[in-house]
Protein chains: 2
Amino acid sequence: MTSENKELEQIGEFELIRRISSVLDIIPDDPPLFTNLIKGISDDAAVFRPSPEKVQLFTTDAFVEGIHFDLTFTSLKHLGWKAMIANISDIIAMNGIPRYATIAISIPNKIFPHMVEELYQGAANACRKYSCLIVGGDTTASIGGLIISVALIGETEEQNVRYRNGAKPGELICVTGHLGSSIAGLKILEREKKKYEASPDKSNFKPALEPYKLALEKHLMPKARLDMVQIFKKNINIGALIDISDGLASELHHICEESNVGAKIYEHNIPIETITGIIAQEFLEQPTDYALYGGEEYELLFTISDKEYEKIATLTDDVTIIGRVTEKDVILVQENGEESPLPWGGYDHFKSKRISK
Amino acid sequence: MTSENKELEQIGEFELIRRISSVLDIIPDDPPLFTNLIKGISDDAAVFRPSPEKVQLFTTDAFVEGIHFDLTFTSLKHLGWKAMIANISDIIAMNGIPRYATIAISIPNKIFPHMVEELYQGAANACRKYSCLIVGGDTTASIGGLIISVALIGETEEQNVRYRNGAKPGELICVTGHLGSSIAGLKILEREKKKYEASPDKSNFKPALEPYKLALEKHLMPKARLDMVQIFKKNINIGALIDISDGLASELHHICEESNVGAKIYEHNIPIETITGIIAQEFLEQPTDYALYGGEEYELLFTISDKEYEKIATLTDDVTIIGRVTEKDVILVQENGEESPLPWGGYDHFKSKRISK
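Just so it is clear, the structure is predicted and the values come from calculations on it, not from any experiment.

Scoring rules and cut-offs
Residues numbered from 1 in each chain as written. Chains lettered and ligands numbered in written order. Predicted model: local features only at pLDDT ≥ 70, side-chain atom pairs only at ≥ 80, totals over all residues. Heavy atoms only, no water. Helix = DSSP H or I, 4+ residues; strand = E, 2+ residues; numbered from the N terminus. Rg over C-alpha atoms; globule rule 2.2 N^0.38 Å. Contact = heavy atoms within 4.5 Å. Areas by Shrake-Rupley, 256 points an atom, 1.4 Å probe, with all protein chains shown as cover. Lys, Arg positive; Asp, Glu negative; His and termini not counted. Charge placed at Lys NZ, Arg CZ, Asp CG, Glu CD. Pairing = 2+ DSSP bridges. Axes fitted to C-alpha atoms, helices over the stretch in contact; angles between N-to-C directions. Phe/Tyr/Trp six-rings, centres within 6.5 Å; stacked < 30°, edge-to-face > 60°. Buried < 20%, exposed > 50% of the residue type's maximum accessible area, 1.4 Å probe, protein only. Domains from an automatic or database assignment. Buried area = accessible area lost by both parts, 1.4 Å probe. Least-squares fit on C-alpha atoms with pLDDT ≥ 70 in both. Salt bridge = Lys/Arg side-chain N within 4 Å of Asp/Glu carboxyl O. Polar contact = N/O pair within 3.5 Å; in protein donor to acceptor, adjacent residues only side chain to side chain. pLDDT = per-residue confidence, 0-100. Parallel < 35°, antiparallel > 145°, perpendicular 65-115°, else oblique. Left-handed = near helix turned anticlockwise from the far one by under 90°. Nonpolar A, V, L, I, M, F, W, Y, C, P; charged D, E, K, R; others polar.

Trainee: Mind showing me how you'd approach the overall build of chain A here?
Mentor: Helix and strand counts for chain A come out as eleven helices and 13 strands. By the compact-globule yardstick of 21 Å for 357 residues, chain A fits well, its C-alpha radius of gyration being 21 Å. Over its C-alpha atoms, taken along the principal directions, chain A stretches across nearly 65 × 60 × 35 Å. For chain A, restricting intrachain contacts to residue pairs at least 6 apart in sequence, the fraction spanning at least 24 positions comes to 83%. Per element, the accessible surface of chain A, about 14000 Å² overall, is 50% carbon and sulfur. Charge-centre separation for chain A: the mean point of 37 positive side chains lies 2 Å from the mean point of 53 negative side chains.

Spelled out as structure tokens, the structure:
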């Protein structure tokens, strides 16, 4: 670390860890989380008792500056929240409950200690909401950008785990919530950033964000669908389950490939918010493309028999049927009734960069 | 990712993950690892059964290019090995057995697919040697340097876990192996890099590495002390336990602070290899400083009663007594008998950068 960030150099790694620990001194509303945690931050590893009769779920996801986020329009609090949500959502996508997390963070010298605390505050907020605990981590300097890498352990009964490979021909294909809003929110943020950069009087620049609030929130502070895990627990048997982090098209292909089945989905059934349609129109783009290829929604995509769907429908109105599992081929039926193969697409880190630099 | 690395762009994230998976298709010599793993790479999270009656240990450690390693003299295979060893060592430092790992890797465009495979090969080699399994991960592009972040789960019986806070006045302070060799090896690598850069005929440059082999190996391919966990299991009761990743001085202070005790260690008792002394001499530096502040050794530092030590001494000759736990103050007794407070020191990422740029 160069001398640019005197503050971080002065306090050093151990004081930074002390400050982070005090930010994380929270009490989620789930006593077993605490009684089962024997040692949290402050030793070589955290120690916890797994719940008897349950299997453990283990996942990791990293967020990289310039690839997943742009600090000119993402607050550190939002970033901490989102990095944690992405991992929590992976546990939920196995039909599990998130439990314990670690955060490894690589900090460039433009980031000051209070900003690191904000980032952990955001992550802690997500943990509080989804009843999990940050029990360890690693802080290092970075000579590139900011990188935050979360690892998360969850758990559930073995018979409740759901995989990508559980889809069977004839099942309904369902999604939760609305799709495409996250990428729509990002488009707005990128546009306002460009306007700001081109603005002659930067100190008086006011970004036009208010009308797009719903989409911006979906991009900056997405929710994970733990509510669905609670619903599934009510004796509802789902087939395949995955979360939509890379876009509907990509995730549907994952399910079909792993389950060795096909799918037919109907464009007019894909749930899209009004504001997402408006934003797509402003950019002369198709809202369906946002929904199919946008990603970072953390909604769920799952398959289910007609009978099981009837049970779900009595418990929530936030699930939409978008098509049906078939023997083979992944087909999109367009608004005009035309059928065509659904391109794999999706957000692939090595083929396209999300944030235009 | 820019167009510089066409190969990675062409194959895309999913093909890269497929290649990584095939590198990881290994069979460590530990059947329960496999029978308890229900799902590895290829879903949103890995699924495994925790061993009955055992607690889980959970840790994470990141390696950052330009901070922890320099790719001009570190092969990707060595890097993968070391990143995994650092985490395995953290589990061992709790007196536990490593079990399941995830790797999140951020890949800059100068890194080609076969290099990524090499990195995983190194990590897999470490896993094979220490009987753990890579069960998941995340691959992203990086616009900065290469970053590898490992998270690891281990386990042991609750009564066997050892903490930093278990030291009691009167106990002996012991270390395994030899100290200072890792930083000595790094010094040689850095010197040869400078020579190479200054060399007019680079194609014929031959670094002088052979005489320093032992120190270079300690730096590039350190071992974790799982053998000590096996020895401790033979009814030997240790007090505090920590691994030496940040240097002896720093780790001793950790133990003393957490246990609310002091320590007196004797300079002439600190085990240092001959080659480390030779290298220190070449750089006009003190070998004791390498041992106290060098770090990245992954040896163990622990406290133990005289009686328990007698038991250990019959099982291994690779443990050295370096001093004794006291009521307060951390004191170094120098070769000449003079006593002075031991500075905290150690390698702190935000106060000094290991790799000089």
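Alright, that's what it looks like, and here's the rest.
Trainee: How do you make sense of the sheet that holds strand 9 (residues 262–266) of chain A when you look at a structure like this?
Mentor: Hydrogen bonds between backbone groups are what pair the strands of a sheet, and the pairing can be parallel or antiparallel. All names here are of chain A. On the basis of which strands lie adjacent, the open sheet formed by seven strands has the order 8-10-7-11-9-12-13 and mixed pairing. With one partner strand each, in any of the chains shown, strand 8 (238–244) and strand 13 (339–341) form the two edges of the open sheet. On average, each strand axis in the sheet is inclined to that of its neighbour by 25 degrees, with strand direction left out of account. As paired strands, strand 12 (residues 330–333) and strand 13 are joined by three bridges and run antiparallel to one another. Residue Val333 lies in a different strand from strand 13, and its bridge partner there is Glu339. Across the face of the sheet, helix 8 (residues 248–259) comes into contact with strand 7 (172–176), strand 8, strand 9, strand 10 (299–304), strand 11 (319–326) and strand 12 while running at roughly 145 degrees to strand 8.

Trainee: Even after reading the chapter, I still don't get the packing of aromatic side chains, so can you show me in this structure?
Mentor: Aromatic ring pairs: the centre-centre distance and the angle between the two ring planes describe each pair. This model, assessed by the stated rule, comprises nine aromatic pairs over all chains. Summarising the aromatic geometry, the rings of Phe48(A) and Tyr100(A) are spaced 4.6 Å apart at their centres and angled 35 degrees between planes, so their arrangement reads as tilted. Highlighted residues: Phe48(A) in strand 2 (residues 46–48) and Tyr100(A) in strand 4 (residues 97–107), separated in sequence by 52 residues. Here the two residues Phe48(A) and Tyr100(A) agree in accessibility, since each one is buried. Aromatic side chains Phe232(B) and Phe302(B) sit 5.2 Å apart centroid to centroid with 75 degrees between the ring planes, which places their arrangement in the edge-to-face category. One end of the pair, Phe232(B), is in helix 7 (residues 226–232); the other, Phe302(B), is in strand 10 (residues 299–304), with 70 residues separating them in the sequence.

Trainee: Can you help me understand the sheet that holds strand 5 (residues 133–141) of chain A in this one?
Mentor: Here six strands make up an open sheet; going across it, the order is 5(A)-4(A)-6(A)-3(A)-2(B)-1(B) and the pairing mixed. Unpaired on one side and paired on the other, strand 5 of chain A together with strand 1 (37–39) of chain B mark the two borders of the sheet. On average, each strand axis in the sheet is tilted by 20 degrees relative to the strand beside it, whichever way the strands run. Both strand 4 of chain A and strand 5 of chain A contribute to a ladder of eight bridges, which runs parallel.

Trainee: Can you help me understand the domain arrangement of chain A in this one?
Mentor: How large an interface is tends to be reported as the accessible area lost when its parts come together. Residues and elements named next belong to chain A. As far as domains go, chain A holds domain 1 (6–159) and domain 2 (172–341). For domain 1 versus domain 2, the separation of C-alpha centres amounts to 26 Å. Listed by partner, the interface residues are 24 residues for domain 1 and 22 residues for domain 2. Here domain 1 packs against domain 2, burying approximately 2000 Å² in sum over the two surfaces, 65% of which is carbon and sulfur. The three residues of domain 1 that bury the most area against domain 2 are Phe73, Lys82 and Ile92, which together make up 30% of that side's buried surface.

Trainee: Which parts of the structure should I look at to understand the side chain of Ser181(A)?
Mentor: Residues and elements named next belong to chain A. Along the chain, Ser181 turns up in helix 5 (residues 181–198). For Ser181, a relative accessible area of 1% translates into the label buried. Excluding anything up to four places from it in sequence, Ser181 contacts Ala215, Lys218, Glu273, Thr276 and Glu297.

Trainee: Explain the relation of the copies chain B and chain A to me, please; I cannot follow it from the model alone.
Mentor: Each of the two copies of the chain can be brought onto the other by a rotation about an axis and a shift along it. Here chain B sits on chain A after a turn of 180 degrees about the axis and a move of 0.0 Å along it, with an RMSD of 0.0 Å. Taken together, the rotation and translation relating the two chain copies correspond to the operation of a two-fold axis. Judged by C-alpha distance, Gly144(B) is the residue of chain B that lies nearest the rotation axis, at 2.1 Å.

Trainee: Is there a simple way to explain the interface of chain B and chain A in this structure?
Mentor: Taken residue by residue, the interface counts 79 residues in chain B and 79 residues in chain A. For the pair chain B and chain A, the summed buried surface comes to about 6200 Å²; carbon and sulfur atoms form 61% of the total. Across the contact surface, chain B and chain A share six salt bridges. One salt bridge in this structure joins Asp44(B) and Arg164(A), with 3.1 Å as the shortest N-O distance. Across the chain B-chain A interface, the total number found is 15 residue pairs in polar contact (both at pLDDT 80 or more).

Trainee: Could you clarify how one ought to interpret the confidence of the model for chain A in this entry?
Mentor: Detailed reading of the predicted model is not advised wherever pLDDT is low. Averaged over all residues, the pLDDT of chain A is 92; the fraction at 70 or higher stands at 94%. Low pLDDT (under 50) marks residues 352–357 of chain A, which in the prediction has 23 contacts with non-local residues, meaning those over four places away or in another chain.

Trainee: In this structure, what is going on with the pattern of salt bridges? I would like to understand it.
Mentor: Think of it this way: side chains of opposite charge can pair up when their charged atoms draw near. Residues and elements named next belong to chain A. Considering all chains together, one arrives at 48 salt bridges over all chains under this definition. Notably, a salt bridge pairs Arg324 with Asp306, separated by 2.9 Å at the nearest N-O pair. Of this pair, Arg324 sits in strand 11 while Asp306 sits in helix 11 (residues 306–313), and the two are 18 residues apart along the sequence. Judged by its relative accessible area of 35%, Asp306 falls in the partly exposed class. Residues joined in a network through salt bridges with shared partners are Lys218, Arg225, Asp227, Glu297, Glu299 and Asp318.

Trainee: What is the right way to read the packing of helix 5 of chain A against helix 9 (residues 274–282) of chain A from this model?
Mentor: Each pair of packed helices can be summarised by the angle the axes make with each other and by the distance between the axes. Residues and elements named next belong to chain A. It is the contact of helix 5 with helix 9, at a shortest axis distance of 9 Å, that shows an interaxial angle of 45 degrees. Between helix 5 and helix 9, the angle is such that the two are oblique. The handedness of the crossing between helix 5 and helix 9 is left-handed. Side by side, helix 5 and helix 9 meet where Ser181, Ala184, Ile188 and Arg191 of the first sit next to Thr276, Ile279 and Glu282 of the second. The residue makeup of the contact of helix 5 with helix 9, split by class, is three nonpolar, two polar and two charged.

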